[in-house]
Structures are given as structure tokens and as C-alpha cells.
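Observations on the model geometry
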Amino acid sequence: MDESISHSSVWGIAAIMIVIASWFFYRYLAPKTWREWASAGLVQAFIIALYAEMYGFPLTIYLMVRFFGLDSANLSASLWFTLLGVGELGMMISMLLGYLLLFVGIGLFAQGWRELYRAQKEKRLATGGLYALVRHPQYTGLFIGLFGEGVVHWPTIFSVTLFPVIVLIYWLLARNEEKRVLAEFGDEYRAYRRRVPMFIPRIGQWRRLVERSRGGSEQELPRH
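What counts and how
- Residues numbered from 1 in each chain as written.
- Predicted model: local features only at pLDDT ≥ 70, side-chain atom pairs only at ≥ 80, totals over all residues.
- Heavy atoms only, no water.
- Helix = DSSP H or I, 4+ residues; strand = E, 2+ residues; numbered from the N terminus.
- Buried < 20%, exposed > 50% of the residue type's maximum accessible area, 1.4 Å probe, protein only.
- Areas by Shrake-Rupley, 256 points an atom, 1.4 Å probe, with all protein chains shown as cover.
- Core = buried A, V, L, I, M, F, W, Y, C linked by side-chain atoms within 4.5 Å.
- Contact = heavy atoms within 4.5 Å.
- Phe/Tyr/Trp six-rings, centres within 6.5 Å; stacked < 30°, edge-to-face > 60°.
- Patch = residues over 30% accessible without salt bridge, like charges linked within 9 Å, V, L, I, M, F, W, Y side chains within 5 Å.
- Salt bridge = Lys/Arg side-chain N within 4 Å of Asp/Glu carboxyl O.
- Lys, Arg positive; Asp, Glu negative; His and termini not counted.
- Charge placed at Lys NZ, Arg CZ, Asp CG, Glu CD.

Turning our eyes to something else, we now look at the overall build of the protein chain. The number of helices and strands found in the protein chain is nine helices and zero strands. Counting from the amino terminus, the protein chain carries its helices and strands in the arrangement α-α-α-α-α-α-α-α-α. A total of 224 residues make up the protein chain; the buried ones form 48% of that total. Of the roughly 12,200 Å² of accessible surface on the protein chain, a fraction of 66% belongs to carbon and sulfur atoms.

Written out as C-alpha cells, the structure is:
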């Protein structure tokens with residue numbers, strides 16, 4: 001097997017990327033309850049596995065060679081390149097698309113946190129800005145970012161496997177959070193929940209979601 005796979009054995013970069021991604025994640029989504037810590041642990045595992053394979057040891061590629069008999073003479077650390085033979089152009093496209101999704105996800109994640117922080121400080125229900133489009137914009141941003149980086153850009157066995165599990169766990173977490181918000185805001189939150197979807201904007205609202213992820217208009221919707 002080719003010993004010189006690009007991106008591999010650069011553990012210093014892997015460590016730096018893990019620290020940066022983990023700091024950003026915990027900075028804007030600081031866990032408080034045990035459920036939140038358990039969910040955050042899955043995301044942390046996703047981050048570590050992703051960057052450890054991207055820059056450290058390409059475990060997915062080695063396992064594919066070992067158990068599926070891939071040609072070991074012409075390998076890349078990128079699973080897209082190894083499985084589909086997409087070449088440098090295909091890898092570039094997947095990288096650019098993955099980073100685009102990642103940056104949109106980061107924007108949603110951070111902007112959603114800011115809007116929620118202001119609403120909690122003012123002791124009101126967050127219903128404007130990103131919260132006018134989805135009820136949990138931070139989680140929407142998290143899903144988009146993880147999908148872009150861990151599935152589109154650099155898929156691994158662990159990232160592809162963990163992604164749907166993370167979505168399921170955060171869906172359960174969001175339901176639990178909504179019970180607490182419902183107890184606090186009652187009918188106001190029931191009306192808000194009826195008109196705004198949980199994670200996925202309605203058709204035609206994706207553009208507004210992306211625009212507001214960059215800190216666009218945040219006018220509150222009228223309350224009924």
C-alpha cells in the first residue's frame with residue numbers, strides 16, 4: 001500500500017483543527033444539563049474522528065482496502081477520490097461545496113446564539129431574525145456545518161455514521177427544550193410553534209435563512 005497518502009500524519013494540524021472546532025462549538029453551545037453534555041459528546045467525537053482522519057491517520061481508507069479490496073496502488077486520503085475516482089477537480093468541487101455549507105452552518109450557529117442570548121436577557125421569546133424561519137437555528141446550523149465538512153467535503157466511516165445519530169439526538173434534545181419553553185411562555189409559544197418549523201425552513205425561505213446567517217434583518221414578527 002502507498003505509504004505517502006496526502007494529508008496523512010500531520011498530527012499537529014489535526015490537533016489545531018480539533019481545538020479550534022471544539023472551542024467554537026462549546027463557545028456558542030455551552031452544555032448545561034446531562035442531556036446537553038451527552039449530545040455535545042457525540043459532536044466532539046465527530047470532530048475528533050473527522051480531523052484525526054483528515055490530517056492524521058486515514059483509517060477509513062485503510063479499512064476499505066483491507067475489507068473491500070480497493071486498489072492500494074493509487075489511493076488518496078479522500079474517500080470521494082478513492083471510491084469514485086473523481087480526480088483533483090472533483091475533490092476541489094467537494095471541498096468548496098463542503099466549506100460553503102460549513103460557513104453557512106457556522107453563521108447560523110453563531111447568529112442564532114446571539115439572537116437567543118438577547119431574547120433571554122430581555123426575558124422574552126425569540127421569534128424574530130432566524131427564529132422567524134426555524135425554531136432551532138443553532139441546531140440547523142450545526143447540522144449544515146457537520147454535513148458540509150464531514151459528509152460532502154471529507155466523509156469517513158465515523159462522520160457518515162455519526163451524522164444521522166447526531167441529528168436524532170438533537171431532535172430529542174430540541175423536543176425536551178420545547179417542553180420547558182412551553183411551560184414558561186404557554187400560548188405564545190404554541191402559536192409560534194404552529195407557524196414556524198423546527199429545523200428545516202419552508203420552501204422559498206432558504207435564501208432568507210442564508211442571508212440572516214450573516215446578521216441580516218432581525219425584525220420581530222407581530223405577536224398574536
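Before going further, it helps to spend a moment on the nonpolar core. Counting 29 residues, the largest nonpolar core has F25, V43, Y139, I166 and Y170 as the members making the most contacts within it. Those elements that place two or more of their residues in this core are α1 (11–28), α2 (34–56), α5 (87–121), α6 (137–153) and α7 (157–185). Once residues within four sequence positions are removed from consideration, F25 is found in contact with A40, V43, F109, L142 and Y170.

This paragraph deals with the packing of aromatic side chains. Inspection of every chain in the model, using the stated rule, returns 15 aromatic pairs. Arranged with centres 6.4 Å apart and planes meeting at 50°, the rings of Y139 and F199 form a pair that is tilted. One end of the pair, Y139, is in helix α6; the other, F199, is in the loop between α8 (187–195) and α9 (206–213), with 60 residues separating them in the sequence. A relative accessible area of 12% places F199 in the buried class.

Once that is clear, we can look at a positive patch on the surface. Taken together, R35, R175, K179 and R180 make up a surface patch of like positive charges. With three residues, α7 is the single largest residue contributor to the positive patch. Among the secondary structure elements, R180 is positioned in helix α7.

Okay, the pattern of salt bridges next. Within the structure shown, the criterion is met by five salt bridges. Across the salt bridge formed by E178 and R135, the nearest N and O atoms sit 2.7 Å from each other. Note that E178 is positioned in helix α7 and R135 in the loop between α5 and α6, a separation of 43 residues in sequence. One exposure class covers both E178 and R135, and it is buried. Each of the salt bridges in this network shares a partner with another, and the network as a whole consists of R135, E178 and R193.

Let us now look at a nonpolar patch on the surface. Together, L168, W171 and L172 give the surface a local cluster of nonpolar side chains, amounting to about 270 Å² of exposed area. Topologically, L172 is positioned in helix α7.

Our next topic: unusual backbone geometry. A positive phi angle, near 55°, is found at K123, a position not held by glycine. Among the structural elements, K123 can be located in the loop between α5 and α6. By relative accessible area, which is 73% here, K123 ends up exposed.

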